[in-house]
Amino acid sequence: MIVLWIVLGVLVVVVGVSSVVLVRRRAPVPPPAPPAPARPLPEAAPAPAAPPTEPAATEAAPAPPVHPARIEERLGKTRGVFAALRALRLRPSIDSGVWEELEEVLLRADVGLPTTEELRHRLDSRSVGGGEELLTALEDELRAMLSTQDRSLRFDPESGVTNVWLFLGVNGVGKTTTVAKVAKREMAAGKRVLLAAGDTFRAAAGEQLAQWADRIGAEIVQGAEGGDPSAVVFDAVQRAAARGNDLVLADTAGRLHTRVNLVEELKKIRRVADRPPGRVSEVLLVLDATTGQNALTQARLFTEAVGVTGVVLTKLDGSAKGGVVVAIERQLGLPVKLVGLGEGPDDLVPFDPGAFVAALLG
Amino acid sequence: MFEALSERLERISGRLRNRGRLSDADIDQALREIRSALLEADVEVGVVRQFVAAVRERCSGEVLARSLTPGQQVIKAVHQELIEVLGGQPLRLTYAPRPPTVVLLAGLQGSGKTTAAAKLARWWRQQGRNPLLVGADLQRPAAVEQLRVLGAQAGISVFSEATNPVAVAEAGVAEARRLGRDVCIIDTAGRLSVDQALMDEVRQIAAVTSPHYTFFVVDAMIGQDAVATATAFHAALDLDGVILTKLDGDARGGAALSVKQVVGRPIVFASTGERLNDFDLFHPDRMADRILGMGDVLTLIEQAERTMDEEVVTRSASRLLEGRLTLDDFLEQLQQVRKLGSLGSIMKLMPGMSKEIRQAAEQVDDKKVSRVEAIVRSMTPAERRDPSIIDGSRRVRIACGSGTSPQEVNDLLRQFREMQRMFKGGPARLGALFGGSPAAFPGAVADGGLRGRETAGLRGPKGRKKKGGRVTPPKRR
C-alpha cells in the first residue's frame, strides 16, 4: 500500500516538525533563524560564454600501447607501502606477532576480516616454518581463492542475435569510461560495436559517452536526458539489428544498490535488452578498487537483482588494492574479468590472478 | 547510512547495558566485537587499534568498579570516543576578508566532486551568498558540461574555458571578482594520489588561486585506501576539511572515522542523496548519535526551518490535530514536505522509525508522490473541502484528470479518511500505530521517555536535553 505510506509519512513528518517548531518558538531565546533568501537573485551578467571545452585536447597524447608488463609496472607504484611485508619474510619463525602483522597487511588491502580469518585458519593447518615460507603459502591460498578458470567475455556468434553487454554499478566507479574502453577492445577484435548511452540521469553522462564514441570511432545511440533508459537500450538493439552491429554495449546510470526503485529500473533495462533479437550475454558489475567492504554488498544485491556475470575492477592503478574482490569471487563466485589501469582508452587489461595477488602482498 | 555499524554497536551495547558487573573477560569480548565491527565498517586498521585502546583506557577497572551500571559506562566510552574520532565540533565556516572566498575541491576520480561542487554552491546560495562555479576538470569528457547542467538546475552560473586547468582556475577567480561573487568554487579533475603529474597540477591550481578552503571529496564507500589517499592529498594541498559523499547507501562509513583521525581535518559537509538538496554541514556529535542509533532530529529541524514555510506548516498542523484537515491542507503539507527532500531521506532522520517503515519509505519515489498530488489537484475546491460529495462520476472525472484510475482515487480517499480519524486522537494515538511509543514525536511529549522496552535506557552522556527545552527522544527499539 504505497499510497498509505506516502500519506502517513507526510503527515507524521509534518506533525513532528511543526510541533518542534512550535516548542522552539516558545523557547525564551529564539535561535537566530538562518537567512533563507527565497527571492531569486537576479543572475548578474552570466559568465562569458566559453566555447565548448574540448577535453580531447588535454588527453590527445596517444596512450602507450598495452604490453604484458603493464599491470605489474602500474601496480608497482605503491609497493613501498608494504615494506613491512618484506621484513616479515626475514622472520625465522612464526609467532603471534607475525600473524598480527600479516593480518594487518591483508586488512589494509581491503581483503576483509572474514576472508583474512579464513586465510589464517588455512595457513594454520599448513605447518609453515619461516616468514618466507608463510608468504609463499599465503600467495598460494589467495590464488586458490581466485581459481575461476574462465574469465573471458561471453559472446554468442549466432546470426540473428545481437549481443548486449550491460554495465552497471554505483555512482562514480567508472562505468562510462569502462564502456568506452571495452568498445575499443572489441572493435579491435573485429566486432561491430554500438554504444547505448543508457545513463539518462546524470547531467551530461550521454555527452561524456558521445565524446568517447567520437574519440574511438564507435557508433552510439543516445536518448533524451531524463528519458527512459530502457527505451535507449531498446532503440540501440533495434538499430544494431537493422544495421548489422553484433554487439551493443549498454551504459547505465550509477545507482546505489540500496535504491529499490533504481534497481527495479535496472531489471527493466535487462528485460528489455533480452528481447529478441537482443540477448544479454554479459552483465558486468563495475567496481572501484578503492571501495571497501561495501563492494561485497553491492555485488550481492546486484547479482540477486539482475544476475551479474562478471566484475570489472577499475582504478587499480592507484594506491588501492581492491582486495575485496577476493571475497566477492570466493563468496559469490563472481569472476573478475577485466581490470582498469588508467584513463586512456587502452588502459584495460584482462584480470590476471597471479599478478593481482603479487600486487596485493606488495 | 552507518546503519550496519550502528546495528552492530547497538547489539554489543544492548548486551552490556543491563549487566551489573563486568569481568575483564566481558570487556575483552566487547572490545573484540567492537574491533571487528569497525573493521567491517572499513575503518582503517591503525585507527581501529587506537580506538579500541582508547575505549579500553576509558573503561579501566577502577572507573567501572565505581559505576553502578558498568555496561552503560562502556557504551558511554564508545560514544565519547566516537565523537572524538569524528571530529568534535563542526567546522565554523569563515570567509575571506577580501572576496571572493575561494574553495578548491579535489579528490579521486568518481568521488563526486562535480556534484558536490554544485550542491555546495546551492548550499551557499541558501546561506545568502552569491557563488560562482568554476569548472577546471578538463580531463573527463563532458565534465564541464555536467557542471553547467547542474549549475543551471541550482541557478548558479558556471565559468570555464578550454585552456588548461590552472589557467581556468585563475581566470575563474578573476571572473568571480569581476562579477562581485563572494564565493568561488573550483571543481577539479579526479586524480590518483600516486599520479605525480596530476598532483603537481592541482598544487599549481592551489598556488595560483590561494584557496581559503581546500576540501577533499571522498566517497563514503571507500575502504582502507582512504587514509593513504587523504594523507597524500593533505601533503600536497594542506587540506582544510573533508566532504563525504554518497552517505545514503549502506556503506558503513568507516572512512569518515579514519580520515579525520589520521589527517586531523574534520568532515565539513556530507552529501546524502542524488538531489541537490541532499547536502548539509556534517555534525560529528549528531553522527555519533546516529551511529549509536539515536536518530537525528536536529538535522531534520534545521532542514525544515530552512525550506518550509513555518506559518503554513503550523496552521495545517493545528488543523490536523483538531481533526479538521482538508485535502487542501494536505496538498499544502505535501508540497512543504517535498521541499525538504525525498521522503526516504526524511524518514531516515526521524528517530523511532522502525526498520520496516524506513524500508517502505525507501520505496516511495517522487513520481508516486506526484500522482497523489495530481489526484488532489484534479478535484474541485468543493470536493477538496468535503470529499464525501465525491460520487462515481466525480471519481471517474478525477481519475481522468489526474491520469490515474478510479481505484487509486478511491484508495487515496479511504486512507485520507482513516488518517483524519487517527489524528483526532492526537499524535499520541498515531504513535500507537507505530508500535506504542509517543516518544516518536519530538515535542509531543515532555520527556524523551525511556528507550522502548529497556527500562535502563541509554540516556546518553549529555542527558539528551538540548538547549531551549527541546528534548531529543532516543530511538525507540
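Worth saying up front: this structure is predicted, and the values here are computed from it rather than measured.

**Some words on the domain arrangement of chain A**
All names here are of chain A.
Stage number 1. Taken domain by domain, chain A comprises domain 1 (74-145) and domain 2 (162-356).
Stage number 2. The C-alpha centroid of domain 2 is placed 33 Å from the C-alpha centroid of domain 1.
Stage number 3. Opposite the 14 residues of domain 1 that make contact, domain 2 presents 23 residues.
Stage number 4. Of the roughly 1,500 Å² buried between domain 1 and domain 2 on both sides combined, carbon and sulfur atoms contribute 54%.
Stage number 5. The tally of links between domain 1 and domain 2 comes to 1 salt bridge.
Stage number 6. Residue E118 pairs with R330 through a salt bridge whose shortest N-O separation is 2.8 Å.

**Things to note about the pairing of strand β2 (residues 131-136) of chain B**
Residues and elements named next belong to chain B.
Stage number 1. Across the 6 residues of β2, 6 count as buried, placing the element largely inside the fold.
Stage number 2. Every second residue of β2 is oriented toward a common face, with P131, L133 and G135 on one face and L132, V134 and A136 on the other, all of them buried.
Stage number 3. Pairing of β2 with strand β4 (residues 183-188), which is carried by 6 bridges, proceeds in the parallel orientation. Counted as the bridge partner of V134 is I186 from β4.
Stage number 4. Bridge count for β2 against strand β3 (residues 158-159) is 2 bridges, and the pairing is parallel. Paired with L133 across the strands is V158, a residue of β3.
Stage number 5. Following the backbone out of β2, through helix α7 (residues 143-154) and into the adjacent parallel β3, one traces a crossover that is right-handed.

**Focus on the packing of helix α12 (residues 294-306) of chain A against helix α13 (residues 324-332) of chain A**
Residue and element names in this part refer to chain A.
Stage number 1. In the contact formed by α12 and α13, the axes pass within 9 Å of each other and the chain directions differ by 35°. By crossing handedness, the relation of α12 to α13 is classed as right-handed. Contact residues: A295, L296, A299 and R300 in α12; V324, A327, I328, Q331 and L332 in α13.
Stage number 2. Here the contact of α12 with α13 is built from residues that sort into 7 nonpolar, 1 polar and 1 charged.

**With respect to helix α15 (residues 327-340) of chain B**
Stage number 1. Its 14 residues give α15(B) an end-to-end C-alpha distance of 20 Å, which sits within 8% of 20 Å, the value for a rise of 1.5 Å per residue.
Stage number 2. Considered for burial, the residues of α15(B) that qualify are L327(B), D329(B), F330(B), L331(B), Q333(B), L334(B), Q336(B), V337(B) and L340(B).

**Some points on the nonpolar core**
Stage number 1. L138(A), L142(A), L195(A), L249(A) and F356(A) are the most contacted members of the largest nonpolar core, which has 90 residues in total.
Stage number 2. Of the residues that make up this core, three or more belong to each of domain 1 (74-145) and domain 2 (162-356) of chain A.
Stage number 3. Apart from the residues within four sequence positions on either side, L138(A) is in contact with L102(A), L106(A), L119(A), L123(A) and L361(A).
Stage number 4. Formed by 67 residues, the second largest nonpolar core is a distinct cluster that contains L86(B), V168(B), V242(B) and I267(B).

Rules used throughout
Residues numbered from 1 in each chain as written. Chains lettered and ligands numbered in written order. Predicted model: local features only at pLDDT ≥ 70, side-chain atom pairs only at ≥ 80, totals over all residues. Heavy atoms only, no water. Domains from an automatic or database assignment. Contact = heavy atoms within 4.5 Å. Buried area = accessible area lost by both parts, 1.4 Å probe. Salt bridge = Lys/Arg side-chain N within 4 Å of Asp/Glu carboxyl O. Buried < 20%, exposed > 50% of the residue type's maximum accessible area, 1.4 Å probe, protein only. Helix = DSSP H or I, 4+ residues; strand = E, 2+ residues; numbered from the N terminus. Pairing = 2+ DSSP bridges. Right-handed = clockwise from strand over helix to strand, strands pointing away. Axes fitted to C-alpha atoms, helices over the stretch in contact; angles between N-to-C directions. Left-handed = near helix turned anticlockwise from the far one by under 90°. Nonpolar A, V, L, I, M, F, W, Y, C, P; charged D, E, K, R; others polar. Expected span 1.5 Å × (residues − 1). Core = buried A, V, L, I, M, F, W, Y, C linked by side-chain atoms within 4.5 Å.

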